[in-house]
Amino acid sequence: MTISLKPGNTPPEKLQPTGWLKYLSFSLDHKVIGLQYLVCGFFFYLIGGSLAGAIRVELTSPLSDFMPREVYNQVLTLHGTIMIFLWIVPVVNGAFGNYLIPFYVGARDMAFPRLNAVAFWLIPPSGLMLITSYFINGAAQSGWTAYPPLSITTPAAGQIIWILSVLLLGGSSIFGGINFIATILKLRRPGLKLMQLPMYCWAMLGTSILVVLSTPVLAGTLILLSFDIVAHTGFFNPSLGGNVIVYQHLFWFYSHPAVYIMVLPAFGLVSEILPIHSRKPLFGYTTMVFSIMGIVVLGLVVWAHHMFTSGTPPWMRLFFTIATAFIAVPTGIKFFNWVATLWGGKISLNAAMLFSCGFIINFVLGGITGVALAQVPFDVHVHDTYFVVAHFHYIVYGGSVFVIFSSIYHWFPKFTGKMLNENLGRFHFIITFIGFNLCFAPQHWLGLNGMPRRVAEYDPQFQLINQISSVGALLMALSTLPFLWNILQSILYGDEAGDNPWNALTPEWLTSSPPPVENWEGEAPLVLEPYGYGEKDSTKTQEQLK
Amino acid sequence: MPKLSAILTLTSSLILGIGGVWIAYNVDMLPVSASMNAPVYDELYRVLFIIGCILFIGMTALVIYSLFQFRRRPGETGDGIDLEGNISLEIFWTAVPAIIVLFIGLYSYDIYDRMGGMQPLMHDHSGQINNQVERVWGGIGSGPIESTSTKNLSSLPIELTAMQFAFIFHYPKGDIISGELHVPVGREVNLKMESKDVIHAFWVPQFRLKQDVIPGQPTILNFTPTKTGNFPIVCAELCGPYHGGMRSNVIVDEQEDFDTWLKENSKEQI
Ligand code: HEM
Ligand SMILES: [Cu+2]
Ligand SMILES: [Cu+2]
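Conventions and cut-offs
- Residues numbered from 1 in each chain as written.
- Chains lettered and ligands numbered in written order.
- Predicted model: local features only at pLDDT ≥ 70, side-chain atom pairs only at ≥ 80, totals over all residues.
- Heavy atoms only, no water.
- Phe/Tyr/Trp six-rings, centres within 6.5 Å; stacked < 30°, edge-to-face > 60°.
- Helix = DSSP H or I, 4+ residues; strand = E, 2+ residues; numbered from the N terminus.
- Buried < 20%, exposed > 50% of the residue type's maximum accessible area, 1.4 Å probe, protein only.
- Lys NZ or Arg CZ within 6 Å of the ring centre and 35° of its normal.
- Donors = N, O, S within 2.8 Å, 3.2 Å for Na, K, Ca; no water.
- Tetrahedral: all angles 85-135°; square planar, octahedral: opposite > 155°, others 65-115°.
- Near = heavy atom within 4 Å.
- Polar contact = N/O pair within 3.5 Å; in protein donor to acceptor, adjacent residues only side chain to side chain.
- Nonpolar A, V, L, I, M, F, W, Y, C, P; charged D, E, K, R; others polar.

Asker: Tell me about the packing of aromatic side chains, residues and numbers included.
Answerer: Taken as a whole, this structure holds 68 aromatic pairs over all chains when the rule is applied. Between A:Phe267 and A:Trp338, the ring centres sit 5.4 Å apart and the planes meet at 75°, which makes this aromatic pair edge-to-face. Here A:Phe267 is found in helix α8 (residues 244-278), whereas its partner A:Trp338 is found in helix α11 (residues 328-342), with 71 residues between them in sequence. Across this residue pair, the class does not change: A:Phe267 and A:Trp338 are buried. Ring centres of B:Phe167 and B:Phe202 lie 6.2 Å apart, and the angle between their planes is 85°; on these two criteria the pair is classed as edge-to-face. Of this pair, B:Phe167 sits in strand β3 (residues 166-171) while B:Phe202 sits in strand β7 (residues 200-204), placing them 35 residues apart in sequence. On the basis of relative accessible area, B:Phe167 is assigned to the buried category, the value being 3%. Residue B:Phe202 is classed as buried on the basis of its relative accessible area, which comes to 1%. Against the face of B:Tyr25 rests B:Arg46, its NZ or CZ located 4.7 Å from the ring centre. When the ring centre of B:Trp203 is taken as reference, the NZ or CZ atom of B:Lys210 above it lies at 4.4 Å.

Asker: Give a detailed account of the coordination of the copper ion (ligand 2), specifying residues and quantitative values.
Answerer: All names here are of chain B. Coordination of the copper ion (ligand 2) by the protein is provided by His200 (ND1), Cys235 (SG), Cys239 (SG) and Met246 (SD), with metal-donor distances spanning 2.1 to 2.4 Å. If you look at the copper ion (ligand 2), its four donor atoms make angles of 95 to 126° with each other, and the shape they trace is tetrahedral. Counting along the primary sequence, the residues that act as donors to the copper ion (ligand 2) give the motif H-x34-C-x3-C-x6-M. In this structure the copper ion (ligand 3) is found 2.6 Å away from the copper ion (ligand 2), and Cys235 serves as a bridging donor for the pair. With His200 in strand β7 and Cys235 in strand β10 (residues 229-235), this residue pair connects regions lying 35 residues apart in the sequence. Across the pair, Cys235 and His200 agree in class, each one buried.

Asker: So what's going on with the site of ligand 1? Which residues, and what values?
Answerer: All names here are of chain A. Near ligand 1 there are 24 residues, and of these His79, Trp144, His393, Arg453 and Arg454 occur at the shortest range. Within the side chain of Tyr386, one N or O atom sits 3.1 Å away from an oxygen atom of ligand 1. Separating an oxygen atom of ligand 1 from a side-chain N or O atom of Arg453 is a distance of 2.8 Å. Among the elements of the structure, α1 (30-58), α2 (69-105), α14 (386-416) and α16 (463-493) are those that each provide at least two residues to the shell around ligand 1. The class makeup of the residues in the shell around ligand 1 is 17 nonpolar, four polar and three charged.

Shown next as structure tokens:
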């Protein structure tokens, strides 16, 4: 399917219905689909967040007294699964990818609009199915990793629903990945070179390659696992001669790249936000592109660092140690480039900027503990402890979630044509930042000192630190209130944003807010320098804007 | 002016470096070390902590400094400086992390070796002679290195069976079965582990050792306790509803006390 650059040949189904009802319809408009992903993801975030709250309440006392132990494990499993598969992956890829990529390549829609809509509409039913499994016969309770033989021996119904739902969500992200690759490579406006694309396109290209290469492996693995559960085959069941370690290899071949599926798009989004709010070109465009591709390649060959205590041979541990630690190099390049982008700028300390800078600080800490965890001798002590819980929340929450908020503050005017309240936004940032660090920083200590993860009951000596952590979680929960209020207030009574409130150069800002169905009224603009800020160019900048 | 900024950069990096080392030596976050490989582990931990502190504090300081120094003052409208890249700077900050990472990798290889990770696996000395070569996997500490300083004593074989939700220890010598692990101080223990149902993990935080106990796949773990006392054994792999309650103790005794315990509990004459 090709999409003409000329306006006026919109497929008829794309035009209707109108008003807010279009968000509840099978719309083919990439902007509608993007917002559908965003709102739906946020809905699941609230559910996953409530589950996290329940976990933290349970952990305020050393005994398992707030909920039954089985329920704790179900809540834990649901929390992890929802946060990964229904919140972060769909939002950093599906929501922002769908909204922004067609603008960035100068197209009027994604390459396969119908596939795009299908990809989104797989999500709400599989999410709801996953959650209702809790009420039917008890949700899955073997963690989001579903390691056999535990996942084979716990009650089957919940586990099977879990597998089905993850399969559908995996299918959704494969459809999305194919669509992004096709759109970025094939729908580029004539005259626009790859090396002139905004950085988020590169991030999405890299991410989509990871999605397309690794998600099918997860799907195959889960199908084999479901055979073991319902048909009593013995792929992974040791009592039937199966091998439980093979599952771990296959599972992590997807699930390690999944970390990059959650953070690479976030890296891309930050690369869009920082230059605009510091009024400077993105520093080191070319090295940024190469570092993304470096992360993609290395990301595919480091999975066994999750298995250092499973009994892998020494050579394998060494290889995976070195390969994992080396991801720090391309990642480090990106961080230095962002700081250099800030350097000498004219920085607006607005909510978008604050969340992005908060992301840099949090992610540096998560990355440092990541390099430490990559060292086999270090990992054998802290593997499967709260140190790891702290580490990955610094990555997924301190990384991806901070970037999602930053992006919402940044693109809300484009989505709705209304401005968000900056002071409320800054307030939201401060509470989130304090709450987040209060919640997760102390967990490093817990892990080093002997608290394993995934436990409803623990040694009483850890109680005080767990309570501090729970207070942090409470703060994080409260911090969503100013955010939600801000959104509501602004949609109803917010100031008009105008087309380009940030005075930005990337193509989505060169059309009205919100944009028309076909993105631009007339010809799509050809933006060859999406980051052409900076003193020397300011005259050219103004011209381009007119 | 360039001279001044060079001096400033130099002094602030110096302060940063000294600060990082100071923090790493004054903030103690690990429990007591009670096995022969724990001090080796702690050495690696300290090096990682120093590097981590320097990087984290440095990056955070840079970000916060930029936000204040380059913030938009009221009434300002223009753009920042027109700076798109700097090849030598970029090569510099690619090379430096690469060197640091390489150093950490080589250093932890050395630590890994000293902890016994590269040693060939020891065979099961528990008595039965198997004609078939058994597939056994080992974690760190599974080699014989630690026995070099305790040459006069052979390692003490113990078998561990993990099940939902308990650790059961079996002493072939004396045919003792125990829910707690009793070991003498200063002698290498050779733990052979098997699981009856799901995956569990054997972890003693004070020993800095952890190894999964895997159904259908025996694993071994060697360690030498260096302190008498009572340390927790924790299951570190989600194994079902009572996973959090799957805890036990390792009781490290003086050799004589251990011998008495053995004698009192053994079913056979030794
Ligand atoms: C809203 C703040 C959050 C809080 C307070 C929170 C808290 C927790 C807690 C206490 C655990 C249990 C750790 C354990 O026992 O293993 C956990 C696990 C987990 N969390 Fe979060 N979390 C939050 C947000 C997130 C986000 C945004 C993600 C996104 C990916 C996430 C992903 C996970 C995963 C994957 C697990 C592991 C689940 C498992 O082991 O099966 N969390 N979280
Ligand atoms: Cu267990
Ligand atoms: Cu357990």
